[in-house]
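Next come the chains, spelled out residue by residue.
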Amino acid sequence: MSRGSGKGLSLKDKLDGNELDLSLCDLNEVPVRELAALPKATILDLSCNNLISLPSDFCSLMHLVKLDLSKNRLQQLPLDFGRLVNLQHLDLLNNRLVTLPVSFAQLKNLKWLDLKDNPLDPVLAKVAGDCLDEKQCKQAAVKVLQHMKAIQSEQDRQRQRKLQAEREMEKKREAEQRAKEAQERELRKREKAEEKERRRREYDAQKAAKQEMEKKTKKETVHARKPASSSRPPQPPRHKPSWSRSVLRVLLFVLFCILCTLAACKLTELQHQPLCVSVNTLYEDVVAALQNHKRLQNMLQHNSQQ
């Protein structure tokens, strides 16, 4: 493998038991694929190279137990660095690290850690200490893990608070949406009731106007049927002459004429006139007939009494 990438040189030639020494190889990147093919290499030395960063797939080398990355130019570790759960010894001396990824807290088997000569965050630098001897490096591993676990817990709490706040905000938005929908429904209901009331008033007004028009028309019709002289005082009804009255009048007139003729023929000098003679003779015959009729009635009445 070339010095730049580590390709071209067989890693097996550098493998000594379970230790693989790639230090002082002027590497700019880590040959992750070749390293993954050597699961027996649990101890990996990448010190004294030109590494600026580690690829994300580097964290797939979960077989590593001891890792030396000292004297490189690493500015940060991969975010999922905590996947190297079997790691017990980690040397990061003389790099350019300021912080560690939160996943660092998952390195529960880490027993030794050296972070000297890095521009660490003051809080992290104080927690890590100097690591001048074996004891201090072991203490650094314990304290840094505790510190990173506290950061992880705080971040988890922040995420929970954020998630809770988002849920509450979502609930609030849903409640506001429900309230808005309820308000809109109430508004539509009120508008519908107002529209119904308006139409009912219009219907009542139209009905009243129609009834008033009918009353007015009826009144005008009654007035039109009355005679124009209705303002004059009432006159007594006129009785039309019936047919019987006319006949009676004619008979009375004839009887009057007969009486007048009889009187003239009996009392005046006209009695010797032929007409009056006939009239007088007729009169006498009628009187005689009436007398005979009267005597006959008397006889009949007398006989009936016996």
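Above this text you will find the structure in question.
Definitions and cut-offs
Residues numbered from 1 in each chain as written. Predicted model: local features only at pLDDT ≥ 70, side-chain atom pairs only at ≥ 80, totals over all residues. Heavy atoms only, no water. Helix = DSSP H or I, 4+ residues; strand = E, 2+ residues; numbered from the N terminus. Buried < 20%, exposed > 50% of the residue type's maximum accessible area, 1.4 Å probe, protein only. Contact = heavy atoms within 4.5 Å. Areas by Shrake-Rupley, 256 points an atom, 1.4 Å probe, with all protein chains shown as cover. Phe/Tyr/Trp six-rings, centres within 6.5 Å; stacked < 30°, edge-to-face > 60°. Core = buried A, V, L, I, M, F, W, Y, C linked by side-chain atoms within 4.5 Å. Salt bridge = Lys/Arg side-chain N within 4 Å of Asp/Glu carboxyl O. Disulfide = S-S within 2.5 Å. Pairing = 2+ DSSP bridges. Expected span 1.5 Å × (residues − 1). Polar contact = N/O pair within 3.5 Å; in protein donor to acceptor, adjacent residues only side chain to side chain.

Q: Got a sec to walk through the overall build of the protein chain? Specific residues and values, please.
A: From N to C terminus, the protein chain includes five helices and six strands. Helices and strands appear in the protein chain in the N-to-C order β-β-α-β-β-β-β-α-α-α-α. Residues counted as buried form 25% of the 306 residues belonging to the protein chain. Of the contacts formed within the protein chain by residues at least 6 apart in sequence, a portion of 34% connects residues at least 24 apart. Carbon and sulfur atoms make up 55% of the accessible area of the protein chain, which totals about 22700 Å².

Q: Report on the packing of aromatic side chains, specifying residues and quantitative values.
A: For the structure shown, the criterion picks out one aromatic pair. An angle of 5° between the planes, with centres 6.1 Å apart, marks the rings of F81 and F104 as stacked. You can see F81 sitting in the loop between β4 (66-68) and β5 (89-91) and its partner F104 sitting in the loop between β5 and β6 (112-114), a full 23 residues away along the chain. The exposure class of F104 is buried, given its relative accessible area of 0%.

Q: For the environment of H147, give the residues involved together with the corresponding values.
A: Among the structural elements, H147 can be located in helix α3 (residues 134-225). Judged by relative accessible area, which is 19%, H147 ranks as buried. As for H147 and V127, which are separated by 20 residues in sequence, their C-alpha atoms are 7.3 Å apart. Excluding its chain neighbours within four sequence positions, the residues that come into contact with H147 are V123, L124 and V127.

Q: Can you tell me about the side chain of N49, naming the residues and giving the values?
A: Topologically, N49 is positioned in the loop between β3 (43-45) and β4. Take N49: its relative accessible area is 5%, and that puts it in the buried class. Beyond its immediate chain neighbours, meaning those up to four positions away, N49 contacts L22, S23, L24, C25, D26, L27, K71 and N72.

Q: Can you tell me about the nonpolar core, naming the residues and giving the values?
A: Within the largest apolar cluster, 42 residues are counted, with the highest numbers of intra-cluster contacts made by F58, F81, L100, F104 and V144. Of all the secondary-structure elements, those providing two or more residues to this core are α1 (32-36), α2 (122-128) and α3. The dominant element in this core, judged by the number of residues it contributes, is α3, at four residues. What F58 contacts, discounting residues up to four positions off in sequence, is V30, V32, L44, L46, L64, L67, F81 and L84.

Q: Pulling in residues and values, what's your account of the pattern of salt bridges?
A: Note that side chains of opposite charge can pair when their charged atoms are close. In this structure the tally under the stated criterion is eleven salt bridges. The partner of D204 in a salt bridge is R200, with the nearest N and O atoms 2.9 Å apart. You can see D204 and its partner R200 sitting in helix α3, four residues apart, about one turn around the helix. Overall, R200 belongs to the partly exposed group, its relative accessible area being 41%.

Q: Account for the state of the cysteines, with residues named and values stated.
A: Under the counting rule described, the total for this entry stands at one disulfide. The partner cysteine of C131 in its disulfide is C137, sulfur to sulfur 1.7 Å. Since a negative S-S torsion denotes a left-handed disulfide, the C131-C137 link at about 100° is right-handed. Here C131 and C137 have matching classes, each one buried.

Q: Pulling in residues and values, what's your account of the sheet that holds strand β1 (residues 15-16)?
A: Here six strands make up an open sheet; going across it, the order is β1-β2-β3-β4-β5-β6 and the pairing mixed. In this open sheet, the two edge strands, each paired with only one partner strand, are β1 and β6. Relative to β4, β3 runs parallel, the two being bridged by three bridges. If you follow D45 over to β4, its bridge partner there is D68.

Q: Go over α3, please, and point to the residues and values.
A: Taking 1.5 Å per residue, 92 residues should reach 136 Å; α3 reaches 134 Å between its end C-alpha atoms and fits that length. Considering only its buried residues, α3 is in contact with β6 and α2. Near the N-terminus of α3, the side chain that reaches the backbone nitrogen of K135, with its oxygen 3.3 Å away, is that of D133.

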